[in-house]
Amino acid sequence: IIIVSFKSGDILERCLDSIDSKYPIIVVENSLDKNLKIKIEKKYQNVECILPETNLGYGAANNLGIKKVKTKYLLILNPDTILFENTLEQLLYHAKKIEDFAILGPKILEGDKIENEEIDKKNIIKTEDGIEKSISYVKGFAIFINKPQFEKIGFFDENFFLYFEEIDLCKRVIQSGKKIFLIPKAIIKHVGGQSHIKSINKSMELSRNWHWMWSTFYYHKKHGGFLF
């Protein structure tokens, strides 16, 4: 499991508390907080905290964590997510059933409501547990990845510092002919807008506005050209 964080404080620990300690976790902390590294590695024996030399942004930090993963499967999480007791078991179970997927996406619980993802009816695989639906993209706060499927695709485009990274990744997956599936029985709670401590809310808002505009421009230039 890879979690990229930036001054997430107790929010990060809430996420870590929801994950069974048998799963190895890599936290990439972009704020270079040495005290956080010491604290969480002492509290959670299954966590390795990496401190890059500079703030890498979301995509590059995830790529740094991915390079250290030696398992076939990996799960990318945001710190403002909470796993349920059987979330990972459901993802792993269906990973073995479907086999040729590139990405699995869980159902997202926002507040008290489960999001309804856009479904592509062309690709549907039936398993003993029902129908797994092919989708065109997953939200970036929870992405279950079949690592060998990405040898030719690559992972996150590091030109995106923040925003659009997962949209670009999913677009490249679909363009390469590989598949993304929704797993309805795997549910993850997303507590939106709480990925960092409250004291930096204003500076984060300004930074996010700038990066949203840049990422929007870069994404459309990359996939549609300047005249898109």
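Criteria and thresholds
Residues numbered from 1 in each chain as written. Predicted model: local features only at pLDDT ≥ 70, side-chain atom pairs only at ≥ 80, totals over all residues. Heavy atoms only, no water. Phe/Tyr/Trp six-rings, centres within 6.5 Å; stacked < 30°, edge-to-face > 60°. Helix = DSSP H or I, 4+ residues; strand = E, 2+ residues; numbered from the N terminus. Buried < 20%, exposed > 50% of the residue type's maximum accessible area, 1.4 Å probe, protein only. Core = buried A, V, L, I, M, F, W, Y, C linked by side-chain atoms within 4.5 Å. Contact = heavy atoms within 4.5 Å. Pairing = 2+ DSSP bridges. Patch = residues over 30% accessible without salt bridge, like charges linked within 9 Å, V, L, I, M, F, W, Y side chains within 5 Å. Areas by Shrake-Rupley, 256 points an atom, 1.4 Å probe, with all protein chains shown as cover. Salt bridge = Lys/Arg side-chain N within 4 Å of Asp/Glu carboxyl O. Polar contact = N/O pair within 3.5 Å; in protein donor to acceptor, adjacent residues only side chain to side chain. Axes fitted to C-alpha atoms, helices over the stretch in contact; angles between N-to-C directions. Parallel < 35°, antiparallel > 145°, perpendicular 65-115°, else oblique. Left-handed = near helix turned anticlockwise from the far one by under 90°.

Our focus in this paragraph is the packing of aromatic side chains. Under the counting rule described, the total for this entry stands at 11 aromatic pairs. Judged by centre distance (6.0 Å) and plane angle (70°), the rings of Y58 and F156 are edge-to-face. Highlighted residues: Y58 in helix 3 (residues 57–68) and F156 in the loop between strand 10 (142–146) and helix 5 (165–175), separated in sequence by 98 residues. The residues Y58 and F156 share a single accessibility class, namely buried. On the numbers, 5.3 Å between centres and 80° between planes, the contact of Y163 with W212 is edge-to-face. With Y163 in the loop between strand 10 and helix 5 and W212 in helix 6 (residues 201–224), this residue pair connects regions lying 49 residues apart in the sequence. You can call Y163 partly exposed: its relative accessible area is 25%. Judged by its relative accessible area of 42%, W212 is partly exposed. Members of the aromatic cluster, joined through ring pairs, are F160, W214, F217 and Y218.

Its place among the elements puts G177 in the loop between helix 5 and strand 11 (180–190). Once the C-alpha coordinates of G177 and A102 are considered, the two residues, 75 residues apart in sequence, prove to be 9.8 Å apart.

What follows is about the nonpolar core. Grouped together as the largest cluster of nonpolar side chains are 32 residues, with contacts concentrated most on I1, I3, I19, V27, L77 and L104. With sequence-adjacent residues up to four places away left out, L77 is seen in contact with I1, I2, I3, V4, C15, I19, L83, F141, A142 and I188. Within the second largest apolar cluster, 26 residues are counted, among which are V4, Y58, F150 and I180.

A few words on the pairing of strand 10. For strand 10, a buried count of 5 out of 5 residues is recorded, marking the element as mostly surrounded by other parts of the structure. With burial as the criterion, each face of strand 10 is covered, one bearing A142, F144 and N146 and the other bearing I143 and I145. Inspection of the sheet shows strand 4 (residues 73–77) paired to strand 10 by 5 bridges, in the antiparallel sense. Its bridge partner lying in strand 10, I76 is registered against I143.

This part is about the side chain of N62. The topology assignment puts N62 in helix 3. The class of N62 is buried, set by a relative accessible area of 0%. Aside from chain neighbours lying at most four places away, what touches N62 is I2, V4, I76 and F156.

Turning our eyes to something else, we now look at a nonpolar patch on the surface. Together, W210, W214, F217, F226 and L227 give the surface a local cluster of nonpolar side chains, amounting to about 680 Å² of exposed area. With respect to the helices and strands, F226 occurs in the segment after helix 6. Since its relative accessible area comes to 67%, F226 is described here as exposed.

Below, the discussion takes up the side chain of E166. The topology assignment puts E166 in helix 5. Once residues lying within four places of it in the same chain are set aside, the contact partners of E166 are V138, K139, G140, I143 and F156.

Before going further, it helps to examine the environment of D20. Among the structural elements, D20 can be located in the loop between helix 1 (10–17) and strand 2 (25–29). D20 gets classed as partly exposed once you look at its relative accessible area, which sits at 39%. Each C-alpha atom, one on D20 and one on N46, is 9.2 Å from the other, the two residues being 26 residues apart in sequence. A polar side-chain atom of D20 sits 3.0 Å from the main-chain amide nitrogen of K22.

Now for the packing of helix 1 against helix 2 (residues 34–43). Across the interface, helix 1 lies against helix 2 with an axial gap of 12 Å and an inter-helix angle of 20°. The angle between the axes of helix 1 and helix 2 places the two elements in the roughly parallel class. As for the relative orientation of helix 1 and helix 2, their crossing is right-handed in sense. Residues L12, E13 and D17 of helix 1 touch helix 2, and the partners they reach there are L36, K39, I40 and K43.

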